[in-house]
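A look at the structure
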Amino acid sequence: MPRPRAFITLLLAAAIVLAGCAAPATAPSGTTVSAPTAAPTTQAGELVVLRVGWGDRPDSLNPAYAFLASSYVIFDSVYSSLVKEGPDGKYRGDLAQSWEASSDGLTWTFKLKSGIQWHNGEPLTAEDVVWSINEIKNDPEGWATLVNYTNGFAEVTAPDAQTVRIVTEYPISNMEYRVSFLYALWRPDFEPLATTEDLQNFTNEKLIGTGAFKLVQYDKEQGLVVLERNPDFYDGPARVDRVIFRAFDNSDALIQAFRAGELDVLYSVPSAALETVKGFPNVTVVQTPSRSFDELIINSVPKERVATSTGNPALLDPKVRQALAHALNKQDIVDVVLQGLGQPGWSIVAPVLGGGFWHNNMLSDYAYDPAKANALLDEAGYVKGADGIREKDGVRLDFRLQFDADSADYARTASLMVDMFQAVGVKVTPEALDSDTLTANTTGVGDYDLVIWGWGGDPDPDFILSIMLCDQFVIGGWNDSGYCNEEYDRLYLEQQKAVDPAARQKIIYRMQELLLRDLPYIVLYNYDSLQAYRSDRFTNFPDYVANPSLTVGLTSAEVLRQVEPVR
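Computed from a predicted model, the values in this text were never measured in an experiment.

All right, on to the overall build of the protein chain then. The helix and strand tally for the protein chain stands at 17 helices and 25 strands. Its C-alpha radius of gyration of 23 Å places the protein chain within 12% of the 24 Å reference for a compact globule of 567 residues. In terms of principal-axis extent, the alpha carbons of the protein chain reach across some 75 × 60 × 40 Å. The buried share of the protein chain, reckoned over its 567 residues, is 58%. For the protein chain, the accessible area works out to roughly 20,500 Å², and carbon and sulfur atoms hold 49% of it.

Printed below as a string of structure tokens:
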């Protein structure tokens with residue numbers, strides 16, 4: 001979900017962030033490269049350690065204030081929810097053994113599995129789950145990153161120790177998706193946090209869950225996360241003893257560590273390194289569709305709404321936004337930055353989401369057309385000065401262009417944008433910032449002009465649509481553009497209430513139309529997820545070649561629990 005959250009999804013903002021949605025022009029869905037060397041074996045009694053390398057690192061282990069996708073990778077393994085998305089995109093019981101909705105669609109009853117324990121050995125009860133959901137539901141400011149999943153929940157109760165009952169204000173068509181992100185929280189850690197500030201300052205660095213893995217070490221500065229298997233996991237323990245996530249400051253160091261055998265899995269393979277990694281012996285490269293995208297965020301915050309906004313006022317002019325869109329050659333960006341492993345994009349609802357059902361393919365992107373861009377800026381009254389930069393009434397089209405310093409892809413994209421924008425009289429000055437600073441500058445503040453960043457989508461469009469809500473800028477933090485449109489907010493609530501898929505699709509189509517018109521984002525491209533693992537060391541990964549529609553990644557809890565060493 002978050003930056004994808006989620007989601008989780010997965011928002012990736014790093015040099016190895018590639019996890020998108022397009023059908024690439026090159027590379028098969030899975031490529032295994034064999035080598036003449038013998039695969040190492042694991043001896044009986046030896047600790048089985050799976051080592052994962054990534055270019056990002058969790059921004060927080062507190063689900064009330066985590067924005068980066070890497071945080072949700074950890075949540076997926078350590079926390080449990082009533083249901084979880086399976087490898088095939090369908091939902092399976094996690095804490096829940098079974099569930100059903102009443103005939104009127106207003107009451108959902110979840111029966112829990114037996115013998116579930118917290119990582120400290122205490123038994124989990126339905127009341128624990130109910131408290132966790134109500135904690136999120138009843139504190140929309142403190143839990144702004146997750147509270148939208150509880151919209152329409154009227155009452156959450158535990159009729160007995162094994163039953164969770166959710167009564168809703170209106171029928172909810174995507175309930176399984178909603179509850180899959182409502183984690184069971186260890187109440188003694190969260191209950192004493194009396195204020196929103198207390199909650200959001202809580203580091204949760206010793207988080208306790210009921211998931212397949214336990215957190216045993218976390219070093220945010222070093223980007224190190226160590227998980228150990230939960231031997232008492234209710235669905236059976238994992239087949240590896242330990243999973244170590246290790247962050248790298250640049251993609252070259254990451255790839256070299258993988259080549260040297262210091263890593264077993266690459267969370268994401270930089271597109272520029274794909275052919276190199278495919279040539280490594282005993283390595284399987286995995287290419288799968290995903291729901292992610294990268295975008296150019298345009299500051300949409302007027303000073304009268306948020307006094308801290310430092311955005312160039314020219315960016316509030318629709319014609320300037322449209323000119324920026326026409327000035328970008330997205331195909332060149334895909335070819336140069338992604339090595340062709342993607343396709344130009346325009347919507348925050350990825351083409352593969354819901355098998356394409358939710359993506360409005362009746363709309364067309366702003367075509368690459370510098371002449372049109374120049375004409376729009378002329379109409380807006382911006383005239384080129386002696387230095388070639390356009391200006392009107394003392395306002396110059398001179399913008400900061402910021403991006404995540406961890407991403408080599410973003411740096412290359414920014415470099416290309418300099419020339420593209422200069423061709424229409426617009427100056428941009430690239431600046432690399434760490435992800436924490438970018439989050440601080442964009443979350444409820446508006447201290448930027450343009451930002452290159454990315455999102456990972458959830459399996460349902462609800463979350464990615466929520467990032468454009470008015471309140472998510474002032475309170476929630478997902479809205480990094482500052483976009484605020486009353487019609488959009490109203491439509492968001494309507495799509496949550498729509499039970500008929502066709503009716504909901506129509507609403508979501510209109511929401512995409514508004515975003516394309518108003519351009520809080522210029523979506524740059526969609527891309528596939530590129531991952532890799534050492535097939536001489538570990539096996540029992542999903543067969544992505546036989547099942548190219550699989551969306552589950554190599555580091556999902558579902559996969560990590562099933563992977564086993566080559567013996």
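Here the narrative resumes, following the displayed structure.
In regular strands, side chains alternate between the two faces of the sheet. Burial runs high along strand β14 (residues 293-298): six of the six residues are buried. Side chains Phe293, Glu295 and Ile297 of β14 all project onto a buried face; the interleaved residues Asp294, Leu296 and Ile298 project onto the opposite face, where all are buried too. Taken together, the six bridges between β14 and strand β21 (residues 450-455) define a ladder with antiparallel strand orientation. Within the sheet, the bridge partner assigned to Ile298 lies in β21 and is Leu450.

Here the focus is the environment of Ala498. Relative to the helices and strands, Ala498 is located in the loop between α15 (486-497) and α16 (501-518). Residue Ala498 is classed as buried on the basis of its relative accessible area of 10%. Not counting residues up to four positions away in its chain, the partners in contact with Ala498 are Ser173, Ala503, Arg504 and Ile507.

For the structure shown, the criterion picks out one disulfide. Between Cys470 and Cys484 runs a disulfide, and the two sulfur atoms are separated by 2.0 Å. Sign of the S-S torsion, about 100 degrees for the bond between Cys470 and Cys484, identifies this disulfide as right-handed. One end of the pair, Cys470, is in the loop between α13 (462-466) and α14 (471-476); the other, Cys484, is in the loop between α14 and α15, with 14 residues separating them in the sequence. On the basis of relative accessibility, which here comes to 40%, the residue Cys484 falls in the partly exposed class.

Here helix α9 (residues 330-337) crosses helix α11 (residues 408-422) at 140 degrees, and the two axes come no closer than 10 Å. Considering the relative orientation of α9 and α11, their crossing is right-handed. Listed contacts from α11 to Asp332, Ile333, Val336 and Val337 of α9 are Asp409, Arg412, Thr413, Leu416 and Met420. Among the residues forming the contact of α9 with α11, the class breakdown is five nonpolar, one polar and three charged.

With that out of the way, let us pick up the packing of α15 against α16. It is the contact of α15 with α16, at a shortest axis distance of 9 Å, that shows an interaxial angle of 155 degrees. Considered as vectors, α15 and α16 are oriented roughly antiparallel to each other. Like other packed secondary-structure pairs, α15 and α16 cross with a definite hand, here left-handed. Here Glu487, Tyr488, Leu491, Tyr492, Glu494 and Gln495 of α15 come into contact with α16, specifically with Arg504, Ile507, Ile508, Arg510, Met511, Leu514 and Leu515. Among the residues forming the contact of α15 with α16, the class breakdown is eight nonpolar, one polar and four charged.

What counts as what
Residues numbered from 1 in each chain as written. Predicted model: local features only at pLDDT ≥ 70, side-chain atom pairs only at ≥ 80, totals over all residues. Heavy atoms only, no water. Helix = DSSP H or I, 4+ residues; strand = E, 2+ residues; numbered from the N terminus. Rg over C-alpha atoms; globule rule 2.2 N^0.38 Å. Buried < 20%, exposed > 50% of the residue type's maximum accessible area, 1.4 Å probe, protein only. Areas by Shrake-Rupley, 256 points an atom, 1.4 Å probe, with all protein chains shown as cover. Pairing = 2+ DSSP bridges. Contact = heavy atoms within 4.5 Å. Disulfide = S-S within 2.5 Å. Axes fitted to C-alpha atoms, helices over the stretch in contact; angles between N-to-C directions. Left-handed = near helix turned anticlockwise from the far one by under 90°. Nonpolar A, V, L, I, M, F, W, Y, C, P; charged D, E, K, R; others polar. Parallel < 35°, antiparallel > 145°, perpendicular 65-115°, else oblique.

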